[in-house]
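# Residue-level structural notes
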Amino acid sequence: MMASEHDQHEEQIYRLRHSTAHVMAEAVLEMFPEGKLAFGPPIEDGFYYDFDLPRPLTTEDLGVIEQRMQEIIEGDYPFVQRDVTVEEAKSMFSDQPYKIDQIEKLAQGEDIEDDHPEDAAGAGPTNQLSIYSHHSFTDLCRGPHLGRTGQIPEDAFKLLSVAGAYWRGDENQPMLQRIYGTVWENHEELEDYLWRLEEAARRDHRKLGKQLDLYSIQEPGGPGLICWHPKGGRIRRVIEEFWYQEHERGGYEILYTPHVGRADLWSISGHLDHYRESMYSPMDVDGQDYYVKPMNCPYQLLVYNSRRRSYRELPLRWAELGTVYRYERSGVLHGLLRVRGFTIDDAHIICRPDQVEDEILGVYDFSLSMLRAFGFEDFAIYLATRPESYVGIPEQWVQGEQALERALEAQGLPWELDAGGGAFYGPKIDIKVKDALGRQWQTTTIQFDFNLPQRFDMTYVGEDGQEHEPYVVHRALLGSLERFFGTLIEHYGGAFPAWLAPTQVLLIPIADRHNDYAHQVARRLKEAGLRVEVNDSSDRMQAKIRDAQLQKVPYMLVIGDREIENEAVSVRLRSGEDLGAQPVSGFVAMAQEAVAQKRDL
Ligand SMILES: [Zn+2]
Ligand SMILES: [Zn+2]
């Protein structure tokens, strides 16, 4: 599609979703004439509208509202825009307190939160507001809308759910009821979307985390704090071991730094001035304030400064699986994806200006090969450049941005420019992986820092005997182990490839008399480095197989009289495929090969 066609299509979808939100709001107000309207914007894949209603909505209500929406669509009423003065608007919405609140904000020229830009009237105080009407319904609204309600395809929309939402997202404001809906250009698109929703629910890492006994969040311990259970721990160990091994191959050194530090450190780093709202309150140690670390960099930079550095020892590549703690509002916490404590697969590259291009190229290649090893093939890649207010000198920014861009070009994958989207302290590359359902998940960040080297007064002695300031690049490849784990769970739907699976092989003796042989085989497999369990319970074989399938174990080895006689095992795959009887040594070789290649049989 041409860019302009693409934009036109986006605009059409926007009109469709926004118009359907208005139609829904009319239907809801007909049901509850005393209901109060809040905001109702289009969103990705659909729309919502927030209401203050006399009673909680039920699933049956949604059906009734949908019915009524059908009739309004069939009525084919035109959407009509009109400009009104602030006074007119106030009298029109006199029984709608949230709209009055919004009218007053707009009149004063205050835009509301940026997740509802379509309702904002633009900057500056104004006496003119825009309203849209159709049939019996009128909303404060800039549009745009469809021409008529009849342009909404009546077999391509659905109301999905009701959730609580605070007015203006503020916990001190009234709790409203938010109805989520979806609408598409035709029935097939709706069906496809509903399938993706169902599939996403089936892959939800919070659900699978429990079902597969991978991790939990313990109520007495507090929200947003992750406990890795033994099976989750096995996966983490595999990830970490692979990570350490690849980093050592890539010329990195491993650092370990403390979890808390004195206020002095966070003053030098600037965190107390600029990052305090994400940090936890200090603890008193011998009359001094100590803070739990929100980032790993400051300690690493102290290590750099622990002695004089010569140009000859650069570049330094210092990696650390560094656990940090950051405050997040309880309302935004979400499983493994938004947490309050997490381990960054961090590293800092400290180098000379003449090395920076090679270093960036190296780290970008490294990140892609790392992500590919975990089964991600599709990426959304962004280059974020200098924002309006920034620190550092422009030449540094130019060199940094060029190094990032050359790395992107050298790899040849498509990428997008996020002009002005860099942090105030440096430009960056962000990589999001696309999962099996096409959803994007944030992973890699490669980020210049023109701020910390100055704050920490970092130098190296150059060939000329003078002191120079090195470049510092922060990078995380997987992001955080917690979020990456959540991403992996959803990408694979819990059916991890053999190299990651917590249990790779489950042995299934058919009867008690086969248990000894099963344990004997298990020992052999363990010696070969495989993660093995034996189900020697008294369950029937079919029940054992079903259980193994629920646990998504890649390989099931069934053992009966015939297998014992032939020193063999009968191999069944998670997919249901039956590979038949194999000599034990043959299976071991096959499984080891698959694990080494990071692929399934
Ligand atoms: Zn509107
Ligand atoms: Zn850092």
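Let us look at the structure shown here. A quick note: this is a predicted structure, and the numbers were derived from the prediction, not measured.

## Quick notes on the overall build of the protein
A count of helical and extended segments in the protein gives 18 helices and 28 strands. Each principal axis of the C-alpha atoms in the protein carries an extent, and together these give about 85 × 75 × 55 Å. Looking at the protein residue by residue over its 601 residues, the buried ones come to 49%. Intrachain contacts of the protein at a sequence separation of at least 6 include 70% that bridge at least 24 residues. Per element, the accessible surface of the protein, about 28,000 Å² overall, is 47% carbon and sulfur. Within the protein, one finds 62 positive and 100 negative side-chain charges whose respective centroids are separated by 6 Å.

## Observations concerning the layout of surface pockets
Its volume calculated, the largest pocket comes out at about 1,700 Å³. In terms of lining, the largest pocket is formed by 40 residues, of which the most central are Ile43, Glu44, Asp45, Tyr180 and His334. Broken down by element, the residue count for the lining of the largest pocket peaks at five residues, all from helix 5 (residues 187–202). In the lining of the largest pocket, the residues fall into 18 nonpolar, eight polar and 14 charged. A volume near 990 Å³ is recorded for the second largest pocket. Taken together, 38 residues make up the lining of the second largest pocket; nearest its centre are Tyr275, Met295, Arg326, Ile344 and Tyr425. At the level of secondary structure, the elements contributing two or more residues to the lining of the second largest pocket comprise helix 9 (271–274), strand 16 (341–351), strand 19 (428–434), strand 20 (440–449) and strand 23 (471–480). Looking at the lining of the second largest pocket residue by residue, the class counts come to 14 nonpolar, 15 polar and nine charged.

## A few points about the coordination of the zinc ion (ligand 1)
Angles between donor atoms at a metal ideally measure 109.5 degrees for a four-coordinate tetrahedral arrangement and either 90 or 180 degrees for a six-coordinate octahedral one. The protein atoms donating to the zinc ion (ligand 1) are His18 (NE2), His22 (NE2) and Cys141 (SG), with metal-donor distances spanning 2.1 to 2.4 Å. Between the donor residues of the zinc ion (ligand 1), the gaps in sequence give the motif H-x3-H-x118-C. Of this pair, His18 sits in helix 1 (residues 3–31) while Cys141 sits in the loop between strand 6 (137–140) and strand 7 (157–166); the two residues are 123 residues apart in sequence, bridging distant segments of the chain. Cys141 matches His18 in its accessibility class, with the two residues each being buried.

## Description of the coordination of the zinc ion (ligand 2)
Protein-derived coordination of the zinc ion (ligand 2) comes from Cys297 (SG), His348 (NE2) and His474 (ND1), at a distance range of 2.0 to 2.3 Å. For the zinc ion (ligand 2), the donor residues sit on a single chain with the sequence spacing C-x50-H-x125-H. Within this pair, whereas His348 is found in strand 16, its partner His474 is found in strand 23, the two being separated by 126 residues in sequence. One exposure class covers both His348 and His474, and it is buried.

## A closer look at the packing of aromatic side chains
What the rule picks out here adds up to 22 aromatic pairs. Their ring planes at 70° and their centres at 5.7 Å tell us that Tyr48 and Tyr180 sit as a pair that is edge-to-face. You can see Tyr48 sitting in strand 3 (residues 46–52) and its partner Tyr180 sitting in strand 8 (residues 175–183), a full 132 residues away along the chain. A relative accessible area of 5% places Tyr48 in the buried class. Assessed through its relative accessible area of 25%, Tyr180 is described here as partly exposed. Put simply, the rings of Phe242, Phe374, Phe376, Phe484 and Trp499 pair up and form one aromatic cluster. For Arg309, the ring lying beneath its charged end belongs to Tyr304, and the centroid distance is 5.2 Å.

## Some words on the packing of helix 11 (residues 356–373) against helix 12 (residues 394–411)
Taken N-terminus to C-terminus, the directions of helix 11 and helix 12 make an angle of 45°; their axes are 9 Å apart at the nearest point. Between helix 11 and helix 12, the angle falls in the class oblique. Considering the relative orientation of helix 11 and helix 12, their crossing is right-handed. In contact with Val356, Glu357, Ile360, Leu361, Tyr364, Asp365 and Leu368 of helix 11, helix 12 contributes Gln399, Ala403, Leu404, Arg406, Ala407, Leu408, Ala410 and Gln411.

## Let's talk about the side chain of Asp430
Mapped onto the secondary structure, Asp430 falls in strand 19. Looking at Asp430, the relative accessible area reads 13%, which means it is buried. A polar atom in the side chain of Asp430 sits 3.0 Å from the side chain of Thr445. The residues touching Asp430, leaving out its near neighbours within four places in the chain, are Ala380, Ile381, Tyr382, Gln442, Thr444 and Thr445.

## Observations regarding the sheet that holds strand 27 (residues 568–573)
Sheet architecture is open: five strands sit in the order 25-24-26-27-28, paired in mixed fashion. With one partner strand each, in any of the chains shown, strand 25 (532–534) and strand 28 (578–583) form the two edges of the open sheet. Across this sheet, the average inter-strand angle for adjacent strands is 25°, counted without regard to direction. Bridge count for strand 24 (residues 505–509) against strand 26 (residues 555–559) is five bridges, and the pairing is parallel. When the sheet's bridge partners are listed, Ile508 is paired in strand 26 with Val558. Lying on the sheet, helix 15 (residues 515–527) is in contact with strand 24, strand 25, strand 26 and strand 27; it crosses strand 24 at an angle near 165°.

## Describing the packing of helix 15 against helix 18 (residues 584–596)
Helix-helix packing is described using two parameters, namely the angle between the two axes and the distance between the axes. Running from N to C, helix 15 and helix 18 point in directions that differ by 40°, and their axes come no closer than 11 Å. Of the possible angle classes, the one that applies to helix 15 and helix 18 is oblique. As helix 15 runs across helix 18, the sense of the crossing is right-handed. Taking contact as the criterion, the partners of Tyr517, Val521, Arg524 and Leu525 in helix 15 are, on helix 18, Val584, Ser585, Phe587 and Val588. Residues that form the contact of helix 15 with helix 18 fall into these classes: six nonpolar, one polar and one charged.

## Considering the pairing of strand 6
Put simply, side chains in a regular strand alternate between the two faces of the sheet. Looking at chain direction, strand 5 (residues 128–134) and strand 6 are connected through four bridges and run antiparallel. Looking across to strand 6, one finds that Ile131 is bridged to Leu140. Between the antiparallel neighbours strand 5 and strand 6 lie two residues, among them His135 with a positive phi of about 50°.

## Considerations on the nonpolar core
Ranked by internal contacts, the top residues of the largest apolar core, which has 61 residues, are Ile360, Tyr364, Phe374, Ile429, Phe448, Leu478 and Phe496. Top element by residues in this core is helix 11. It accounts for nine residues. Among all residues touching Leu478, those that are not within four sequence positions of it are Ile239, Trp243, Asp345, Met370, Leu371, Phe374, Thr443 and Phe484. The next biggest cluster of nonpolar side chains, apart from the first, holds 30 residues, and it includes Ile65, Cys141, Phe157 and Val183.

## With respect to helix 5
The end-to-end C-alpha separation of helix 5 is 23 Å, in line with the 22 Å expected for 16 residues at 1.5 Å each. Considered for burial, the residues of helix 5 that qualify are Leu190, Tyr193, Leu194, Glu199 and Ala200. Buried residues along helix 5 sit against strand 7 and strand 8. The opening residue of helix 5 is Asn186, an N-cap whose side-chain oxygen sits 3.2 Å from the backbone nitrogen of Glu188.

Reading the values: rules and limits
- Residues numbered from 1 in each chain as written.
- Chains lettered and ligands numbered in written order.
- Predicted model: local features only at pLDDT ≥ 70, side-chain atom pairs only at ≥ 80, totals over all residues.
- Heavy atoms only, no water.
- Helix = DSSP H or I, 4+ residues; strand = E, 2+ residues; numbered from the N terminus.
- Buried < 20%, exposed > 50% of the residue type's maximum accessible area, 1.4 Å probe, protein only.
- Contact = heavy atoms within 4.5 Å.
- Areas by Shrake-Rupley, 256 points an atom, 1.4 Å probe, with all protein chains shown as cover.
- Lys, Arg positive; Asp, Glu negative; His and termini not counted.
- Charge placed at Lys NZ, Arg CZ, Asp CG, Glu CD.
- 1 Å grid on protein atoms, 1.4 Å probe; cavity = no way out; pocket = protein on both sides within 12 Å on 5 of 7 lines; lining within 4 Å.
- Points joined across faces, edges and corners; volume = space filled by probe spheres on them.
- Nonpolar A, V, L, I, M, F, W, Y, C, P; charged D, E, K, R; others polar.
- Donors = N, O, S within 2.8 Å, 3.2 Å for Na, K, Ca; no water.
- Phe/Tyr/Trp six-rings, centres within 6.5 Å; stacked < 30°, edge-to-face > 60°.
- Lys NZ or Arg CZ within 6 Å of the ring centre and 35° of its normal.
- Axes fitted to C-alpha atoms, helices over the stretch in contact; angles between N-to-C directions.
- Parallel < 35°, antiparallel > 145°, perpendicular 65-115°, else oblique.
- Left-handed = near helix turned anticlockwise from the far one by under 90°.
- Polar contact = N/O pair within 3.5 Å; in protein donor to acceptor, adjacent residues only side chain to side chain.
- Pairing = 2+ DSSP bridges.
- Core = buried A, V, L, I, M, F, W, Y, C linked by side-chain atoms within 4.5 Å.
- Expected span 1.5 Å × (residues − 1).

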